[in-house]
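Each chain is listed here by its residues.
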Amino acid sequence: MSDSIRLLLVDDETDFTATLGRRLVRRGLTVETADCGEAGLSKLETFPADVVLLDVRMPGMDGLSVLHRIKELYPLTEVVMLTGHASMEVAIRGMELGAFDYLMKPVAFEELFYKVEDAAARKRLQEGRIEGRRRG
Amino acid sequence: MAQARENAVSEAPYYQGLAKSMMFTIALVSLAPLLGYALLSGYQYTTAYKEKVEAHLRELVLKHDQSVDSYLREKVAEVQVLGEVVGGDRLKAEAEITSLHNALVRSHGSDFVDLGIVNAAGVQVAYAGPYPLQGADYSNAEWFQAVKRRRVFVSDVIFGLRGVPHFIIALLVDVGGEQWVLKATLDFMAINDLVEDIRIGETGLAFITNRAAQFQTTPRRDMTGEVKLLHNILARGGEDSILGRGRAAITVVDDPVTGREVLFVTSPLKDGEWFMVYQQDTADAFAALYRIRNVGVAVLLLGTVCILAMAFLLSRRMARKVEVADQEKDMMNDQVVEAGKLASVGELAAGIAHEINNPVAIMVEEAGWVQDLLEEGLQKDDNEREVQRALTQIRSQGARCREITHKLLSFARKIDPTVERMCVNDLIREMAQFCEQRAKYANVRIETSLEDGVPQVEASQSEMQQVLLNLINNAIDAMDPGGGELDIMSRAEGGDVFISISDTGCGIPKANLQRIFDPFFTTKPVGKGTGLGLSIIYGIINKMGGDISVKSVVNKGTAFTIRLPASKEGMRCAAGNGAAGEQPPADGGRSEETGG
């Protein structure tokens, strides 16, 4: 199995996703970006991401719907939510829907990086468990 | 402040008018029944009292009338008895007359002054009395003529030959085949005393007159001036006698001598030859009534004065209370408006925070990227160019932040409620931009179609801002899940400026449509909306002399239309500078708008 964490960044701020992606790639992650919820979902069809970093406030399909959809289609994929201060309620709602965690913008890079790593670790753990059960 | 003072001055007449109308109402309501009752009961009391007094006087006069009449009748009967019993022939003798006279004086006191017998030729042939009247010739005397016609005659009070007032009872007797006359003279004082006894109050007096208003008794005071008046009254009494007026008739006339109103009670005596007259000033006769009436009037006047004073004080106090309450209400309204403004600002803050967070996040990441690159060293690959790019990005994101903060500042600065001429188009554009970010995340597309050259309106920037912001926020909320289109239009029509804000949201049910402008009416969950927004808008628009209306179809959308009167001296707005997306000029232009 490949060690590289596959991360999908979904945010309407393309400048933000581009730079963040660049930095994460440098730290050894495989990163793809999408500028809206719909694009993110279609990207997931071809790119089996371990972790999705999802902004909750986007034009078009909003973050929570995207989260809901992801959890429906790819239950093992971990989602970390990015929120503004004012949308705390949305973040909590997201947690209820099965998000791994939430981060508040602007987020410290290290924190984000560790959170993504944690999320990926949990995903792999889950996968391992399912694999083990299947074998056993 | 100046504006508030102006308001106070312009509203002063309103409260004065209010006080006045309250005063009139109180006075009317209290005085009308009082006056009505006073008039009615006063009238009834007066009537009843007058009737009582008049009945009393009438009875008094009738009683005396009867006693005088019966006195006269008695005397006549006595003389008749004399004539018949004593017989004619005996009367010729002087001694016989004297003894008769003495007998009469003994039994009747001094009533009978003298007694005489007059022969057919009118010569007194026998006489008994204190005066030397033997042989007096009465052939031309009125009574002598009258008795020949009527057999019995009672004369008016006369002075006769003796110069002393008296009256005569004459009786025709048959003496030796000749018609002689038995004559008795009675003292005037006998009747006089009887009549003089009638005295009531200060001015009440009674007397007897004949038909020609010649006094038969001496009135207590000089009445010569009233003779003509009496004559008239008695003449009238005679006319009316058929109608039963004769017995104790009452006449009220003005006495020309004293100038006072006088009440006369007249009653015929002696078969209508004499009249018993009772007279009294009405002021005296009804003295008790007038006293009570005066007391009543005084009480009424005092009551009226009290009521008026109370009405004045009460209405003034009430008006002042209303004024204070109104002021408090105005103050409360101002506070509510302020609270509403804060609420809409809070709503804005959510959008702003997100808007600011985005560029900040980018800057943070770019800075991190530059650090990463520096760790690697600038010589490697095209790292230097990458650092340049990142710095440019940081700068442009910083500029973006600055714009947002400027927008916020300009919003916050426009809290001055001064009314000034302003262009709605500019404000609409500004607000549309302001809400654009929020709209974008709610999937709402804001479209503005603004008519060029719309007249300016007199309004306060901050209030209009609040109105538009509130309506736009409401529209965005109405389209919450799913988004939609928000159209803001402006147009001029007949001296008015119309602004309409229409959305394609959930609409407002008919039942709620009536109540949306009511304060505290909200359909939002508790804690989400105050229910004040539209009521504040309503108040603001009303204050400007405009109005706001709403049309809504459930699930199709809602359109609010604001009508504002165009400013009279205002110019037309410059043609708009295009789409809402375009950025406004930098803060230089802003500070001008707010007017410092």
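Residues numbered from 1 in each chain as written. Chains lettered and ligands numbered in written order. Predicted model: local features only at pLDDT ≥ 70, side-chain atom pairs only at ≥ 80, totals over all residues. Heavy atoms only, no water.

Can you help me understand the overall build of chain A in this one?
Scanning chain A from terminus to terminus reveals five helices and five strands. Reading chain A from its N terminus to its C terminus gives the helix and strand order β-α-β-α-β-α-β-α-β-α. Here chain A holds 136 residues, and the buried ones make up 48% of them. Nonlocal contacts in chain A, meaning residues at least 24 apart in sequence, comprise 63% of its contacts between residues at least 6 apart. Counting only carbon and sulfur atoms, one obtains 52% of the accessible surface of chain A, whose full area is about 6,300 Å². (Helix = DSSP H or I, 4+ residues; strand = E, 2+ residues; numbered from the N terminus. Buried < 20%, exposed > 50% of the residue type's maximum accessible area, 1.4 Å probe, protein only. Contact = heavy atoms within 4.5 Å. Areas by Shrake-Rupley, 256 points an atom, 1.4 Å probe, with all protein chains shown as cover.)

What exactly am I supposed to notice about the pairing of strand β14 (residues 496–503) of chain B here?
Residues in a regular strand project their side chains so that they alternate between the two faces of the sheet. All names here are of chain B. Among the eight residues of β14, eight are classified as buried, and the element is accordingly described as predominantly covered. Going residue by residue along β14, you find D496, F498, S500 and S502 tucked away on one face and V497, I499, I501 and D503 tucked away on the opposite face as well. As paired elements, strand β13 (residues 484–493) and β14 share eight bridges and run antiparallel to each other. Counterpart to L486 in the pairing with β14 is D503. Connecting β13 to the next strand, β14, in antiparallel fashion are two residues, including G494 with a positive phi near 50°. (Pairing = 2+ DSSP bridges.)

Sorry if this is basic, but what is going on with the interface of chain B and chain A here?
One frequently used descriptor of interface size is the decrease in accessible area upon assembly of the parts. Taken together, the contact pairs 26 residues of chain B with 23 residues of chain A. Two residues, E376(B) and R26(A), come together in a salt bridge whose shortest N-O distance is 2.1 Å. The tally of links between chain B and chain A comes to 12 residue pairs in polar contact (both at pLDDT 80 or more). Elements with a contribution of two residues or more to the side of chain B that touches chain A: α8 (287–376), α9 (383–413) and α10 (424–441) of chain B. Of all the elements, α8(B) adds the most residues to the side of chain B that touches chain A, at 16 residues. For the side of chain B that touches chain A, a count of residues per class yields eight nonpolar, eight polar and 10 charged. (Salt bridge = Lys/Arg side-chain N within 4 Å of Asp/Glu carboxyl O. Polar contact = N/O pair within 3.5 Å; in protein donor to acceptor, adjacent residues only side chain to side chain. Nonpolar A, V, L, I, M, F, W, Y, C, P; charged D, E, K, R; others polar.)

Any chance you could explain the sheet that holds strand β2 (residues 124–128) of chain B here in plain terms?
One key point about sheets: their strands pair by backbone hydrogen bonds, in either a parallel or an antiparallel sense. Residue and element names in this part refer to chain B. Pairing is antiparallel in the open sheet, where five strands are placed in the order β2-β1-β5-β4-β3. One side of each edge strand has no neighbouring strand; the edge strands of this open sheet are β2 and β3 (152–154). When strand polarity is set aside, the average angle formed by the axes of neighbouring strands in this sheet is 15°. Pairing between strand β1 (residues 112–118) and strand β5 (residues 178–187): six bridges, direction antiparallel. Its bridge partner being in β5, G116 is matched across the sheet by K183. In the packing of helix α3 (residues 94–108) onto the sheet, the strands contacted are β1 and β2, and the crossing angle to β1 comes to about 155°. (Axes fitted to C-alpha atoms, helices over the stretch in contact; angles between N-to-C directions.)

Mind showing me how you'd approach the packing of aromatic side chains here?
In this description, a pair of aromatic rings is defined by centroid distance and the angle of the planes. On inspection of all chains with the given rule, the structure shows 11 aromatic pairs over all chains. Judged by centre distance (6.1 Å) and plane angle (55°), the rings of F113(A) and Y114(A) are tilted. Exposure remark for F113(A): the relative accessible area of 10% places this residue in the buried category. Take Y114(A): its relative accessible area is 46%, and that puts it in the partly exposed class. Against the face of F109(A) rests R23(A), its NZ or CZ located 3.9 Å from the ring centre. K50(B) extends its terminal NZ or CZ atom over the ring of F286(B), reaching a point 5.3 Å from the ring centre. (Phe/Tyr/Trp six-rings, centres within 6.5 Å; stacked < 30°, edge-to-face > 60°. Lys NZ or Arg CZ within 6 Å of the ring centre and 35° of its normal.)

Looking at this model, I keep getting lost on the confidence of the model for chain B. Mind explaining?
Reading predicted coordinates in detail is not appropriate for stretches of low pLDDT. Residues and elements named next belong to chain B. Overall, the prediction assigns chain B a mean pLDDT of 80, with 85% of residues at 70 or greater. Mean pLDDT across the elements of chain B ranges from a minimum in helix α14 (residues 587–594), with 37, to a maximum in β14, with 92. Within the model, pLDDT remains below 50 along residues 577–596, and this stretch shows 23 contacts once partners closer than five positions in the same chain are excluded. (pLDDT = per-residue confidence, 0-100.)

I would appreciate a short explanation of a nonpolar patch on the surface in the present structure.
On the surface, M310(B), L314(B) and M318(B) cluster together into a nonpolar patch covering about 260 Å² of accessible area. Inspection of the secondary structure puts M310(B) in helix α8. (Patch = residues over 30% accessible without salt bridge, like charges linked within 9 Å, V, L, I, M, F, W, Y side chains within 5 Å.)

Just to check I follow, could you spell out the pattern of salt bridges for this structure?
Side chains that differ in sign of charge can pair as their charged atoms come close. On inspection of all chains with the given rule, the structure shows 31 salt bridges over all chains. A salt bridge links E366(B) to R389(B); the nearest nitrogen and oxygen atoms lie 3.3 Å apart. One end of the pair, E366(B), is in helix α8; the other, R389(B), is in helix α9, and 23 residues separate them in sequence. Classification of E366(B) by relative accessible area gives buried; the value is 0%. Taken together, the salt bridges that share partners define one network made up of R6(A), D50(A), K123(A), R124(A) and E127(A).

Can you walk me through helix α4 (residues 142–150) of chain B in this structure?
One turn of an α-helix holds 3.6 residues; hence residues three or four places apart share an orientation. Residue and element names in this part refer to chain B. Residues of α4 that are buried: W143, F144, A146 and V147. Here the buried residues of α4 occupy an arc of 165° about the axis, which is enough to place them on one side. Projecting away from the buried face of α4 at angles above 90 degrees are the exposed residues E142 and R149. Elements in contact with the buried residues of α4: β1, β3, β4 (166–175) and β5. Among the residues trailing α4, R151 stands out with phi positive, at a value near 70°. (Arc of directions from axis to C-beta.)

Any chance you could explain the packing of helix α11 (residues 461–478) of chain B against helix α13 (residues 533–543) of chain B here in plain terms?
Helix-helix packing: each pair is described by the crossing angle between the helix axes and the interaxial distance. Residues and elements named next belong to chain B. Following both chains from N to C, one finds α11 and α13 inclined at 145°, their axes separated by 10 Å at the closest point. Handedness of the α11/α13 crossing: left-handed. Mapping the contact onto sequence places E463, Q466, V467, N470, L471 and N474 in α11 and G533, L534, I536, I537, I540, I541 and K543 in α13. Taken together, the residues of the contact of α11 with α13 break down into seven nonpolar, four polar and two charged. (Left-handed = near helix turned anticlockwise from the far one by under 90°.)

Just to check I follow, could you spell out a positive patch on the surface for this structure?
A contiguous patch of positive charge on the surface is contributed by R316(B), R317(B), R320(B) and K321(B). By secondary structure assignment, the location of R320(B) is in helix α8. (Lys, Arg positive; Asp, Glu negative; His and termini not counted. Charge placed at Lys NZ, Arg CZ, Asp CG, Glu CD.)

Would you explain unusual backbone geometry in this entry?
Excluding glycine, residues mostly have negative phi values, and the peptide bonds linking residues are mostly trans. Residue and element names in this part refer to chain B. Its identity is not glycine, yet N443 carries a phi of approximately 60°, on the positive side. Along the polypeptide, N443 turns up in the loop between α10 and β11 (444–450). Positive phi values are uncommon outside glycine, yet N555 reaches one of about 70°. Checked against the element boundaries, N555 lands in the loop between β15 (547–553) and β16 (557–565).

Would you take a moment to explain the sheet that holds strand β3 (residues 51–55) of chain A for this structure?
All names here are of chain A. Spatial ordering of the open sheet is given by β2-β1-β3-β4-β5, a layout of five strands whose pairing is parallel. Looking at strand neighbours, the two that pair on one side only are β2 (30–34) and β5 (101–104), the edges of this open sheet. Taken pair by pair, the neighbouring strands of this sheet meet at an average axis angle of 20°, ignoring direction. Inspection of the sheet shows strand β4 (residues 78–83) paired to β5 by four bridges, in the parallel sense. When the bridges of β5 are listed, T83 appears paired with M104. Sitting on the sheet, helix α4 (residues 88–96) is in contact with β4 and β5, with an inclination near 160° to β5. Where helix α5 (residues 109–135) meets the sheet, it contacts β1 (6–10), β3, β4 and β5, and its direction lies at approximately 155° from that of β4.

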